[in-house]
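Residue-level structure breakdown
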Amino acid sequence: MQRTTGKVIENDVSGRCTVEYKAVKRQVTRTKVLDTCKTAETGFTTHSQVLGIGRKSSSVTTFTLEDGFIHSAVAEETHSLAINSHRSAAAKVVSRQTLTLVGTEAGPLEAAGTDVAEVVKSIDAKLAAVGIIADKIKSKCKGCPTLFEHWQSEQKQLEPASLSKATAPRSFLALLQSIRKASKDEILKVLQSASKTSLPQVVDAVTSAQTTASLDAMIQFLNFTDAKGLVLQERFLYACGFASHPNERMLQVLLDISKGKIGSADIKESTVIIMGALVHKLCQKGGCNLPAVVEVKKLILDGPDSTTVESEVQMYLLALKNSLLPEAIPIFTKYAESEVGAYCTIALTALQRYDFTLMTNEVKHTVNRVYHQNHRVYEKNVRAAAADVILSSNPSYMEVKNLLLSIGNLPHEMNKYMLSKIQDILRFQLPASNVVRHAMKDAISHNYDRFAKVGSSSAYSGFMAKSADVTSTYSLDILYSGSGILRRSNMNIYGASNGALLHGLQVAIEAQGLESMIGATADEGEGDLESFAGMSALLFDVQLRPVTFFKGYSDLMSKMFSMSGDPMNVVKGLILLTDHSEVIQLQSGLKASAEFQGGLAIDISGGMEVSLWYRESKTSVNNRGALVVTGNVTVDMDFMRVGVEVSYETEASLDFITTVQFSEYPFLVCMQMDKTTFPFSESLSKYESISSGKSVVSHKRKKQLVPGSEFPLHQENSNMCKKVFDSSW
């Protein structure tokens, strides 16, 4: 205790902390700034604030003095932990201590000496200094099942048929905790005994554990030279990409894999693309100068110019898109003006992910040149991507005015797309809405001739969910060719919480060169394009390897006659979304262990069907998911154990279907975005047990059904859907 007001650094059982004292007459208030405490215990937390845990802590001790003696000391310490996206799932630890002066009596005489150590030795030679910092906690588990026994009890829940049910992520989280305590050999035993169908889910769990033993087991188990192991290898790589707290060693492992012999070209691409995601996460934690990070940065920054193979250039650009390195902006700026449309699209969509403050005048001039085709003709989807960058990068009045003036002089469907984009910005109050409104006051750029353009392309944004904790929005952009065939479809879902933004999902479907199938004329700049259709997904801020439906006319025709209509899987698996672990060292000497984990079972698939007979095309994106989030706070003493567990879970599906009938012009387009009715449940458990065997447990559970709905799109779409479904009857 200090008797003067001020700040000091003190060591106690909580660690080395900054402490503020306030002395007023006979009372001293001591406030410990808990955020500053440094302890031997090291925890970890999710890098994303939207998916993470919010914590508030306080520690205040009030001393009352009488005649220079401490008459009483009352301390209260609180720690509140809540899941940012759903704050009602929270736990609170309150620790109180009281000391009261009972009496005073004479003590031993003072001992003299040159220093403290000499005096202590003169009193009792056996006395030894003991550090006040608490020892690291050692978990004990009596009668707990082995990892293999635990796996046998959870195996059924991790079969593919269960992946859309909440039992899958719940079993995934339970297994993950066991894997984190297991040795490499125990983990290998489970990997080697798992059935062929459940093995991909085990790979998700083992990789998500992120321990030295789990990573070693995966390296030994997977053989990257074998092309037949593609599914397991890709699941391992994606789990690394979604890692909640990756370390340098994980990146080094992927770097070593990329340097070695890889049996599948797809896996080579995924390895490099995911390395970009790990660079971003490690740089976020201040690890940009770690040797492995420096080496990978050099590899991906030099990559695009080191090869002329189109798939390899795309691979490096996608890795840079994941890394979000400021040094990559000049590379994206260069490739935005490339003669290869795929390079332009990746470069422009990557630039859109950066903070607008990094958009220099040079970048803006380049993107405007692409949109306005100052140097050469570009494909429509490239120009649309350039427009997206301009409108999301704090555009100037002149940039917006020039965009408005271009409407009416663009390819037919692009006129409608840009018009829809501008109207969406105004309706949804997007950041550029003020400058757009200002530019539209000019009658030359805002008049009936421009704003009455017809077509089927569209852009629309809306709210999926709004709560006090998180706001979820969606956007749906669709661009068609003049012949009525889909050119680009882009669906995005964002989550925002406390000023932080998470790009939860992006599914983009692109098609080109399909006009010859229906005897139509290609749009400007698109006459020589090879037939192609593919799909690209970005999940929780991580860009995944794109999937190709078909490439080339012969591939298109073979797929056309063998098309089953079944969607193609884009991503499937179990993802550790929330991951927070810490030991709270209380001033009383007790320790509270806090563990919060959130698991998501996800299945995203997409397909494209074209019927020449009915002159109709249909694209679909199906999203199925089940989410379980649990939080556990326990205080474990030799004689007593107390704890609280909070959890919530849900199962949901979201389908996006586009039907186009191109038997006549203007062609009919109907877009549907549906979510089914889904269950949502929350639970709270409190438990106390003492060494004699007595225990008390209390449970509370709340369930509700959230009604399904079709998300609203613009009125034109509703009118068009009515015509499509009327004509199909």
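Residues numbered from 1 in each chain as written. Predicted model: local features only at pLDDT ≥ 70, side-chain atom pairs only at ≥ 80, totals over all residues. Heavy atoms only, no water.

Per an unreviewed UniProt entry, the protein chain is named Microsomal triglyceride transfer protein large subunit isoform X2, and its organism is Gymnodraco acuticeps. Per UniProt, the protein chain carries the Subcellular location (unreviewed entry) text "Endoplasmic reticulum". (UniProt positions renumbered as here; feature names shortened; annotations may be inferred.)

Evaluated as defined, the whole model comprises three disulfides. Paired through a disulfide, Cys 283 and Cys 288 show a sulfur-sulfur distance of 2.0 Å. Because the torsion about its S-S bond is 85°, the bridge between Cys 283 and Cys 288 counts as right-handed. Paired by a disulfide, Cys 670 and Cys 721 hold their sulfur atoms 2.1 Å apart. Between Cys 670 and Cys 721 the disulfide shows an S-S torsion of about 95°. By sign, it is right-handed. Placement of Cys 670 in strand β18 (residues 668-675) and of Cys 721 in helix α21 (residues 715-728) is noted, with a sequence separation of 51 residues between them. (Disulfide = S-S within 2.5 Å. Helix = DSSP H or I, 4+ residues; strand = E, 2+ residues; numbered from the N terminus.)

This next bit is on helix α14 (residues 361-372). Because an α-helix packs 3.6 residues into every turn, residues spaced three or four apart end up facing the same way. Here α14 is twelve residues long and its end C-alpha atoms lie 16 Å apart, about the 16 Å a rise of 1.5 Å per residue gives. Just past α14, the residue Gln 373 takes up positive phi, approximately 55°. (Expected span 1.5 Å × (residues − 1).)

Moving on: the nonpolar core. If you look at the biggest cluster of nonpolar residues, it comprises 156 residues, and the most contacted ones within it are Leu 191, Phe 236 and Leu 539. With ten residues, helix α9 (residues 265-284) is the largest single contributor of residues to this core. Other than its neighbours up to four places away in sequence, Leu 191 contacts Leu 199, Val 202, Val 203, Val 206, Ala 217, Met 218 and Phe 221. Formed by 19 residues, the second largest nonpolar core is a distinct cluster that contains Ile 83, Leu 586, Val 635 and Tyr 648. (Core = buried A, V, L, I, M, F, W, Y, C linked by side-chain atoms within 4.5 Å. Buried < 20%, exposed > 50% of the residue type's maximum accessible area, 1.4 Å probe, protein only. Contact = heavy atoms within 4.5 Å.)

Moving on to the sheet that holds strand β3 (residues 27-38). Taken together, the six strands give an open sheet; going across it, the order is β1-β2-β3-β4-β5-β6, and neighbouring strands pair in antiparallel fashion. With one partner strand each, in any of the chains shown, β1 (6-12) and β6 (86-100) form the two edges of the open sheet. For this sheet, the mean inter-axis angle between neighbouring strands, taken without regard to orientation, is 20°. Direction of pairing for β3 relative to strand β4 (residues 53-66): antiparallel, over a ladder of six bridges. What sits directly across from Thr 29, in β4, is Thr 62. (Pairing = 2+ DSSP bridges. Axes fitted to C-alpha atoms, helices over the stretch in contact; angles between N-to-C directions.)

To continue, consider the packing of aromatic side chains. In the structure shown here, the tally under the stated rule is six aromatic pairs. Seen from their ring centres, Tyr 474 and Phe 711 are 5.1 Å apart, and the 50° between their planes marks the pair as tilted. Of this pair, Tyr 474 sits in strand β8 (residues 471-480) while Phe 711 sits in the loop between β21 (709-710) and α21, placing them 237 residues apart in sequence. It is Lys 189 that lies over the ring of Phe 148; its NZ or CZ is 4.4 Å from the centre. (Phe/Tyr/Trp six-rings, centres within 6.5 Å; stacked < 30°, edge-to-face > 60°. Lys NZ or Arg CZ within 6 Å of the ring centre and 35° of its normal.)

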